[in-house]
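Take a look at the letters that make up each chain.
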Amino acid sequence: MRWLCFLLLASPLLVSAAAAQTSGQPRPKSLQFDIAQVPATRDSFVFRLRGEERGWAVWQYEIRRLETTQEVVYSATSEFRPVEEERLRIVVDRLTGQPLSTFHHIDLFSPRSDTVMVEHDLEVKREEISGRRRVGTRSGGVKITPVSRPFAPGTVLSDYVFLAGAVSNAMPGDSLAVPAYKEFDDSLVTLTFVAESPTAIDVPAGRFDVLPLRSGGFRIYATRTGPRRVVKGETLEGGFAFELVHSGPVVPTAQ
C-alpha cells in the first residue's frame, strides 16, 4: 500500500542515505532478512480505520525452485475503501535475499486528486534497478518516466518491511538499519527497525507470541516461532490497523 509506505518513509527513522552518511552519528547494526525462512502461504487480512472495517488484503508467498536457484514470489492485492485498490508483485532471490523485480499498480479514487493511477515496473540486474514509472490522470493522460539508477549489493526495497519483516535478524532492544530503495520516489533511504519487548496479541486468526517492530510511523507484529509471518500492523497512534484473518495454501501464479 503506497500510503502505508509513506508512513514508513516520511518518518525520522527513514532518512536519505546521504544524510545518514554525513550526520556523524554511529551507524546502527545491519538489518538483515533471512528470506529462506519465509513460508509458502496465502494470508488474508482485514483493514480497520478507527475501529471500523474499511477493506482487506491478501498476501501470498510462493516458493519457486529453478534449475540453479530459488525464488520467492510475493504478491499482494488489497482494497482500502474508498481510497485505493492495488496489485503488487515482488520477486526475491530466496538464497541471497536480493530483490529481482517489483511491479506495483495502484488505482486511486480521491475526487480531490487529479492522479487516478500510479505504477512502477522495475528489474534489478548487474547492480542497477531500471524500468519505468507510469502516472495516470483524470483526463486520461499517462506520463511514463524511465528509471535507471545504481543498486548496490545489500540494498533492499522499502516494501521489505511487510514482505520480510517477520524474518529479520531483530532481537528485543535492537536498533537495526539497511539501505533501501524507495520505489515510488526513485530514491535511496535508510530503513530502520526498532525491536520492542515480546508480547502476545489476539487477532481474528488466533493468539500469537510476537515481537513488535517499529519502523517509521508504523509498527508490525511478527511471530517469534515458525511459521514466521506478520500477523498485525498499526500506525503508532492506533488509528489504522490490519490484522490476520486466515492463512491457507498457495494459489500458483503464472511464470
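Fair warning: this is a prediction, and the values are worked out from it, not measured in the lab.

Caption draft 1: Here's a closer look at the overall build of the protein. When you go through the protein residue by residue, the secondary structure sums to three helices and 18 strands. When burial is assessed residue by residue, the protein has 49% of its 255 residues classed as buried. Across the protein, the fraction of contacts at a sequence separation of at least 24, relative to all contacts at a separation of at least 6, is 49%. In the form shown here, the protein has an accessible surface area of approximately 12,300 Å², with 52% of it arising from carbon and sulfur atoms.

Caption draft 2: Quick peek at the pairing of strand 8 (residues 115–125). Pairing between strand 7 (residues 99–108) and strand 8: seven bridges, direction antiparallel. Paired with H105 across the strands is E119, a residue of strand 8. Remark: six residues form the turn of the hairpin made by strand 7 and strand 8, two consecutive strands paired antiparallel.

Caption draft 3: Structural detail: the pairing of strand 13 (residues 187–195). Most of strand 13 sits inside the fold, with seven of its nine residues counted as buried. Note: strand 12 (residues 175–182) against strand 13, eight bridges, orientation antiparallel. Its bridge partner lying in strand 13, P179 is registered against T190. Linking strand 12 back to strand 13 in an antiparallel pair, the connection comprises four residues, with D186 at a positive phi of about 55°. With two bridges connecting them, strand 13 and strand 15 (residues 206–215) associate as antiparallel partners. Counted as the bridge partner of A195 is L213 from strand 15.

Caption draft 4: Seen up close, the pattern of salt bridges. Here the structure, examined in full by the defined rule, presents 15 salt bridges. For R134, the salt bridge goes to E119, with nearest N and O atoms at 3.2 Å. Placement of the pair is R134 in strand 9 (residues 128–137) and E119 in strand 8, with a sequence separation of 15 residues. Classification of E119 by relative accessible area gives buried; the value is 8%. Ionic pairing is found between R219 and E234, a salt bridge with its closest N-O pair at 3.3 Å. Here R219, found in strand 16 (residues 218–223), pairs with E234, found in strand 17 (residues 230–235); they are 15 residues apart in sequence, far enough to count as distant.

Caption draft 5: View of the packing of aromatic side chains. What the rule picks out here adds up to 16 aromatic pairs. Ring geometry for W59 and F162: centres 6.2 Å apart, planes at 65°, overall edge-to-face. Highlighted residues: W59 in strand 4 (residues 52–65) and F162 in helix 3 (residues 160–163), separated in sequence by 103 residues. Just as W59 is buried, F162 falls in that class too. Summarising the aromatic geometry, the rings of Y61 and Y74 are spaced 5.1 Å apart at their centres and angled 45° between planes, so their arrangement reads as tilted. With Y61 in strand 4 and Y74 in strand 5 (residues 70–80), the pair connects residues that are 13 residues apart, well separated along the chain. Judged by its relative accessible area of 7%, Y61 falls in the buried class. Among the aromatic residues, ring-to-ring pairing joins F45, F47, W59, Y61, Y74, F80, F162, F218, F240 and F242 into one connected group.

What counts, and where the lines are drawn
- Residues numbered from 1 in each chain as written.
- Predicted model: local features only at pLDDT ≥ 70, side-chain atom pairs only at ≥ 80, totals over all residues.
- Heavy atoms only, no water.
- Helix = DSSP H or I, 4+ residues; strand = E, 2+ residues; numbered from the N terminus.
- Buried < 20%, exposed > 50% of the residue type's maximum accessible area, 1.4 Å probe, protein only.
- Contact = heavy atoms within 4.5 Å.
- Areas by Shrake-Rupley, 256 points an atom, 1.4 Å probe, with all protein chains shown as cover.
- Pairing = 2+ DSSP bridges.
- Salt bridge = Lys/Arg side-chain N within 4 Å of Asp/Glu carboxyl O.
- Phe/Tyr/Trp six-rings, centres within 6.5 Å; stacked < 30°, edge-to-face > 60°.

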